[in-house]
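# Coordinate analysis (summary)
What follows is each chain in one-letter form.
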Amino acid sequence: HENLRAEFPESLFELFEVQGLGPKKIKAVYDQLQVDSIASLKEACENGQVAKLKGFGAKTAEKVLGAIANREKFADRFRLGDVAPLAETMLERLKDHPKVSRAEIAGSYRRSKETLHDLDFLVATTEPAELTQFFATLPEVHEVIVHGETKTSIRLENGLQCDLRAVSNTHFPFALQYFTGSKEHNVAMRSLALKQGLSLNEYDFTGEGEIPEVHEEADIYRALGMEFVPPELRENRGEIEAADEGTLPKLVELENLRGTFHNHTIASDGKNTLAEMAEAARDHGLQYLGIADHSKASFQANGLNEERLLKQVEEIKELNKSFDGFTLFSGTEVDILKDGSLDFDDETLAQLDYSVASVHNAFTLSEADMTKRLIRAMENEHVTMLGHLTGRLLLKRDPYAVNIEKIIDCAAETRTIIELNCNPWRLDMDWRWWKRARDLNVLTSLNPDAHATDQLQFLAYGARLARKGWLRRQDVINCLTLEEMKAWLALPKSKR
Ligand code: DGT
Ligand code: CA
Ligand code: CA
Ligand code: ZN
């Protein structure tokens with residue numbers, strides 16, 4: 001393997017990271033155009049050489065250029081879900097250090113942003129130099145970027161930068177508040193403090209008058225006459241005013257969830273059986289699990305036809321007899337076809353407990369046509385919820401064009417739920433829209449879109465993003481208990 005690899009320039013392997021470029025095409029550009037890096041590929045696309053190659057054409061060249069641009073745009077960001085397990089392991093190591101009294105990850109991670117640029121670790125310690133040294137030698141460290149007495153930056157194998165700041169116990173609450181950000185939230189906080197004669201920075205309060213005592217981060221908000229602002233809300237999108245007035249929402253918590261919808265099994269493209277998925281859901285402490293395998297138009301995912309679907313409904317009925325205090329709901333992830341009609345007719349859908357309607361093809365419709373397509377689906381009495389609204393894959397595929405305002409309005413009118421897809425690649429609908437949706441009484445369902453039992457854990461990411469979107473328990477349908485959910489599903493859409 002090493003000998004073979006050595007026959008090619010190292011930069012050639014970058015080409016495999018370009019979306020839509022496989023080994024055959026890479027061989028073609030390498031053999032015929034001596035393209036051996038992303039830089040030379042870009043040049044060959046721009047000067048028209050790639051378009052002239054057999055099997056390529058102008059359209060392909062343009063697509064490749066787009067993929068290169070995307071890669072550049074996303075190069076320095078990471079998905080929350082790709083970072084979280086490592087981040088928590090490193091945090092545990094810091095917390096376990098005998099000289100550390102408090103440790104947190106601040107920054108965008110604490111604010112539960114869907115993608116992150118870097119991680120901002122913070123420790124309270126009497127021995128900062130010992131801690132920065134400890135951090136620089138953690139097993140996860142691939143490279144030390146800068147090493148200092150109170151601050152150290154390292155890089156992990158995957159390229160993610162991690163900063164550690166070591167502060168005293170007294171400075172810790174201020175540093176935590178400051179480095180949690182966002183910058184915009186901090187700017188607004190500082191000007192609010194100034195109005196009260198206090199200057200706020202990453203170390204302390206200063207000012208002419210009496211200086212409030214601060215032991216915890218919450219004391220900073222309290223000193224300014226505000227409610228504590230949960231980190232997820234700190235984006236200067238109205239949280240400062242709400243905290244000042246005492247009208248912050250009580251945010252939903254992962255523990256509030258009683259069940260969930262939109263899960264796959266081996267019947268379509270999942271890895272586990274109905275029984276295995278049910279067992280995993282019960283292990284998660286859930287009272288119900290909605291099954292939603294793909295429909296026949298998603299042939300690439302082994303989508304079910306009517307016959308297989310109805311057979312699954314029977315299997316679920318049988319399985320449900322064996323459960324006590326737990327129920328599988330039979331559903332489908334029914335494809336929304338290009339014209340907004342559904343992959344199953346009403347008669348078939350009527351035999352299910354619920355349905356998730358999703359777009360899996362024809363992504364390139366105009367915004368107007370895509371919006372019409374989704375609205376037509378929502379108008380169907382049997383469509384309980386919309387799946388992954390924009391089809392985005394974070395840091396990989398942009399959302400398709402759709403007018404989200406209109407979709408939210410239509411969801412409110414038709415009483416269609418909009419799913420919050422908890423898969424860390426999707427986290428779709430985007431958190432920035434949820435406050436608007438809930439203000440119009442649109443409900444959401446936190447759905448893991450699990451294709452295997454271990455993916456039920458995605459609910460934790462969804463809960464973080466739901467909180468970021470200002471959602472409360474009452475906005476999330478799967479906070480209903482099993483009995484409440486059965487009653488709710490039995491209502492016609494217009495009564496929900
Ligand atoms: P990112 O890009 O995902 O790493 O996002 P953040 O928010 O973690 O940004 P980062 O790591 O540059 O900085 C962490 C926090 O430190 C940021 O949210 C607020 C605070 N901060 C950093 N630079 C400034 C600044 O110039 N002014 C103020 N007010 N705060 C700052
Ligand atoms: Ca950061
Ligand atoms: Ca940083
Ligand atoms: Zn789907």
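Bear in mind the structure is a predicted one, so any value in this text is a computation, not a measurement. (Residues numbered from 1 in each chain as written. Chains lettered and ligands numbered in written order. Predicted model: local features only at pLDDT ≥ 70, side-chain atom pairs only at ≥ 80, totals over all residues. Heavy atoms only, no water.)

### Digging into the pattern of salt bridges
Summed over the entire model, instances satisfying the criterion amount to 30 salt bridges. As a salt-bridge pair, Glu72 and Lys42 come within 3.6 Å of each other at their nearest N and O atoms. Note that Glu72 is positioned in helix H5 (residues 57-74) and Lys42 in helix H3 (residues 38-46), a separation of 30 residues in sequence. Taking the relative accessible area as the measure of exposure, Lys42 reaches 28% and is therefore partly exposed. Two residues, Lys468 and Glu235, come together in a salt bridge whose shortest N-O distance is 2.7 Å. Note that Lys468 is positioned in helix H19 (residues 459-468) and Glu235 in the loop between helix H11 (217-223) and helix H12 (239-245), a separation of 233 residues in sequence. Lys468 sits in the buried class, given a relative accessible area of 1%. Here the salt bridges share partners, and the residues they tie into one network are Glu114, Arg392, Asp430 and Arg432. (Salt bridge = Lys/Arg side-chain N within 4 Å of Asp/Glu carboxyl O. Helix = DSSP H or I, 4+ residues; strand = E, 2+ residues; numbered from the N terminus. Buried < 20%, exposed > 50% of the residue type's maximum accessible area, 1.4 Å probe, protein only.)

### With respect to the coordination of the zinc ion (ligand 4)
Those protein atoms acting as donors to the zinc ion (ligand 4) are Glu333 (OE), His360 (NE2) and His388 (NE2), and they sit at 2.0 to 2.3 Å. Along the chain, the residues that donate to the zinc ion (ligand 4) are spaced as E-x26-H-x27-H. Taken together, the residues Glu333 in strand S13 (residues 333-335) and His388 in the loop between strand S15 (385-386) and helix H17 (404-414) connect sequence positions 55 residues apart. This pair shows no difference in class: Glu333 is buried, exactly as His388 is. (Donors = N, O, S within 2.8 Å, 3.2 Å for Na, K, Ca; no water.)

### Points about the sheet that holds S13
With parallel pairing, 5 strands are arranged side by side in an open sheet as S13-S14-S15-S16-S17. Looking at strand neighbours, the two that pair on one side only are S13 and strand S17 (444-447), the edges of this open sheet. In this sheet, strand S14 (residues 356-358) lies alongside S13 in parallel orientation, the contact comprising 3 bridges. By the bridge assignment, Asp335 is partnered in S14 with Ser358. (Pairing = 2+ DSSP bridges.)

### Observations regarding the site of ligand 1
Around ligand 1 sit 16 residues, and of these Ser108, Arg111, His117, Asp118 and Asp120 come closest. Here an oxygen atom of ligand 1 and a backbone polar atom of His117 are 2.9 Å apart. Between Asp118 and ligand 1, the recorded distance is 2.9 Å, taken from a side-chain N or O atom to an oxygen atom. Contact with the protein chains covers 71% of the free accessible surface of ligand 1, which is 590 Å². At the level of secondary structure, the elements contributing two or more residues to the shell around ligand 1 comprise helix H7 (107-110), strand S4 (118-125), helix H9 (172-180) and helix H10 (183-195). Tallied by class, residues from the shell around ligand 1 come to 3 nonpolar, 7 polar and 6 charged. (Near = heavy atom within 4 Å. Polar contact = N/O pair within 3.5 Å; in protein donor to acceptor, adjacent residues only side chain to side chain. Areas by Shrake-Rupley, 256 points an atom, 1.4 Å probe, with all protein chains shown as cover. Nonpolar A, V, L, I, M, F, W, Y, C, P; charged D, E, K, R; others polar.)

### A look at the coordination of the calcium ion (ligand 2)
In the first shell of the calcium ion (ligand 2), the protein supplies Asp118 (O), Asp118 (OD) and Asp120 (OD), at 2.1 to 2.8 Å from the metal. Around the calcium ion (ligand 2), the 6 donor atoms sit at angles spanning 68 to 164°, and that spread fits a shape best called irregular. In this structure, the calcium ion (ligand 2) lies 3.7 Å away from the calcium ion (ligand 3), the two metals sharing Asp118 as a donor. Accessibility classification places Asp118 together with Asp120 in one group, the buried group. (Tetrahedral: all angles 85-135°; square planar, octahedral: opposite > 155°, others 65-115°.)

### Comments concerning the nonpolar core
Formed by 91 residues in total, the largest nonpolar core has its most connected members in Leu119 and Phe121. By residue number, the principal contributor to this core is helix H6 (residues 80-96), which donates 7 residues. If you look at the next biggest cluster of nonpolar residues, it comprises 21 residues, including Ala188, Phe205, Val229 and Ala243. (Core = buried A, V, L, I, M, F, W, Y, C linked by side-chain atoms within 4.5 Å.)

### Thoughts on the packing of aromatic side chains
Scanning the entire structure with this criterion turns up 11 aromatic pairs. For the pair Tyr178 and Phe179, a centre-to-centre distance of 4.8 Å together with 85° between the ring planes defines the contact as edge-to-face. Classification of Tyr178 as partly exposed rests on a relative accessible area of 29%. Since its relative accessible area comes to 18%, Phe179 is described here as buried. Between Phe261 and Tyr288, the ring centres sit 5.9 Å apart and the planes meet at 45°, which makes this aromatic pair tilted. Within this pair, whereas Phe261 is found in the loop between strand S10 (259-260) and helix H13 (274-283), its partner Tyr288 is found in strand S11 (residues 288-291), the two being separated by 27 residues in sequence. We classify Phe261 as buried; its relative accessible area is 1%. (Phe/Tyr/Trp six-rings, centres within 6.5 Å; stacked < 30°, edge-to-face > 60°.)

### Some points on the sheet that holds S10
Two pairing modes exist for strands in a sheet, parallel and antiparallel, and in both the strands are linked by backbone hydrogen bonds. The sheet built from 3 strands is open, its strands ordered S10-S11-S12 with parallel pairing. In the strand order of this sheet, the two ends are held by S10 and strand S12 (327-330), each with one partner. The pairing of S11 with S12 spans 4 bridges and is classified as parallel. Each residue of the ladder has a partner; that of Ile291, found in S12, is Ser330. This element, helix H20 (residues 482-490), spans S11 and S12 of the sheet and lies at about 20° to S12. (Contact = heavy atoms within 4.5 Å. Axes fitted to C-alpha atoms, helices over the stretch in contact; angles between N-to-C directions.)

### Here's the deal with the environment of Glu333
The class for Glu333 is buried, based on a relative accessible area of 0%. Distance in space between the C-alpha atoms of Glu333 and Val383 is 9.8 Å, their sequence separation being 50 residues. A distance of 3.0 Å separates polar atoms of two side chains, one belonging to Glu333 and the other to His262. In terms of polar contacts, Glu333 uses its side chain to reach the side chain of His388, at 3.1 Å.

### With respect to the pairing of S17
Regular strands have side chains that alternate between both faces of the sheet. With burial as the criterion, each face of S17 is covered, one bearing Thr444 and Leu446 and the other bearing Ser445 and Asn447. As paired strands, strand S16 (residues 417-421) and S17 are joined by 4 bridges and run parallel to one another. Counted as the bridge partner of Asn421 is Asn447 from S17. Note that the unit made of S16, helix H18 (residues 434-439) and S17 has a crossover that is right-handed. (Right-handed = clockwise from strand over helix to strand, strands pointing away.)

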